[in-house]
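The lines below spell out each chain.
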Amino acid sequence: MRDSTDMVHLGRDGWLFLTGGTNRVRQQYRASLPVAWRLWRWRRLIEARTARAAALGTRAFHVVVPEKLSIYDDRLDGLSLDPALSPARRLGARLALSPAARAWIDLVGPLRAARDAEPPLYLRTDTHWSQEGCRLAYGEIMRAMGAVPPPDLASRPFHDHDGVRDLGAKLDPPRRETMRVYEMQRDAVRVFANPLVEAHEARGTAADLHVGAHVVFRNDSPAADPRTLMLFGDSCSHFHPIFLTGLLAESFRELHFVWSSNLDWAYVERVRPHLLLVEVAERFLARVPTDRFDVEAEGARALPPRDAT
């Protein structure tokens, strides 16, 4: 097995943790002035977003998906790190004293409280949460937004998928893991996908698509919450209905998902959703968004040549 200490930490019982990369994940758990300044800017951004959404008659919420480092520090096995310095935890503490306090949905506390549950809340060889962790977070989000989850979500069919996940792929030899995938989509129907999504799907490269993906789901079930929800997020939401996007599409009359941490306010103003939810993985707190995203322009991007994917 090659040395992966700069990127991946090998914890106990097969747990892998992202510590490096372009976001310098481990460095974000330091009590430094640059981190403190960045979190202050995030607080101001969330306050500004919340106020701008309110002026449109929209309730805004922000949720940070914690890193495994913030939840499973008891499984680090030798890595020196203070989970109290989790960027998400520190940002939440700042927002607790802010006018935008009600816009913040804490996941660090609930996930840490349930971290001894089985199955685990995160995948051992991946940066992403498991279906169980996602469903726990979904419950917290629904409660914050005053919505009631459909009662039968836990009984939806599933299949187990064995493969090499993102952290397992960084080891030599790679490590495999089986992931349980619930087939959430039943009532919700995808009624729109931007040209970028459709082109990648047609070419069979949807797994390579990230920022710029844009889809809309419609749910005419009488049990669905009648409100429209707009979700800006990342791979913890996804444009495929497998994580938060799938759960929320099954819960609301209409769901707009845009893969971006930057908002497109022109699009928000055009749709005027009842609810605006921004989801971001904790490691991406390393960069403060500018909110200059253009949904339409991103969706019209040409695909790279096949040999460049």
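Preceding this paragraph is the structure being described.
Keep in mind that what you see is a predicted model, and the values were worked out from it rather than measured.

Within the sequence span of helix 3 (residues 87–95), burial applies to Pro87, Ala88, Arg90, Leu91, Gly92 and Leu95. Elements in contact with the buried residues of helix 3: helix 1 (33–55), strand 3 (59–65), strand 4 (104–105) and helix 4 (108–113).

Time to look at the packing of aromatic side chains. Overall, the coordinates contain seven aromatic pairs when judged by the stated rule. Taking 6.2 Å as the distance between ring centres and 50 degrees as the angle between the ring planes, the aromatic pair formed by Phe239 and Trp259 counts as tilted. Highlighted residues: Phe239 in the loop between strand 9 (225–233) and helix 7 (244–249) and Trp259 in strand 10 (residues 252–259), separated in sequence by 20 residues. Pair check on accessibility: Phe239 and Trp259 agree, each one buried.

All of the buried residues in helix 6 (residues 195–203) are Leu196, Val197, His200 and Arg203. The buried residues of helix 6 occupy one face: seen down the axis, they fall within an arc of 140 degrees. Contacts made by the buried residues of helix 6 are with strand 7 (188–193), strand 8 (214–219) and helix 9 (295–299). Gly204 sits one or two residues past helix 6 and shows a positive phi near 80 degrees.

Before going further, it helps to spend a moment on the packing of helix 1 against helix 3. Helix 3 packs onto helix 1 with a crossing angle of 50 degrees between their chain directions and a minimal axis gap of 10 Å. Relative to helix 3, helix 1 is oriented oblique. Regarding helix 1 and helix 3, the two cross each other, and that crossing is right-handed. Packed against helix 1, whose contacting residues are Val35, Ala36, Leu39, Trp42, Arg43 and Ile46, the element helix 3 presents Pro87, Arg90, Leu91, Arg94 and Leu95 at the interface. For the contact of helix 1 with helix 3, the per-class residue count stands at eight nonpolar, no polar and three charged.

Criteria and thresholds
- Residues numbered from 1 in each chain as written.
- Predicted model: local features only at pLDDT ≥ 70, side-chain atom pairs only at ≥ 80, totals over all residues.
- Heavy atoms only, no water.
- Buried < 20%, exposed > 50% of the residue type's maximum accessible area, 1.4 Å probe, protein only.
- Helix = DSSP H or I, 4+ residues; strand = E, 2+ residues; numbered from the N terminus.
- Contact = heavy atoms within 4.5 Å.
- Phe/Tyr/Trp six-rings, centres within 6.5 Å; stacked < 30°, edge-to-face > 60°.
- Arc of directions from axis to C-beta.
- Axes fitted to C-alpha atoms, helices over the stretch in contact; angles between N-to-C directions.
- Parallel < 35°, antiparallel > 145°, perpendicular 65-115°, else oblique.
- Left-handed = near helix turned anticlockwise from the far one by under 90°.
- Nonpolar A, V, L, I, M, F, W, Y, C, P; charged D, E, K, R; others polar.

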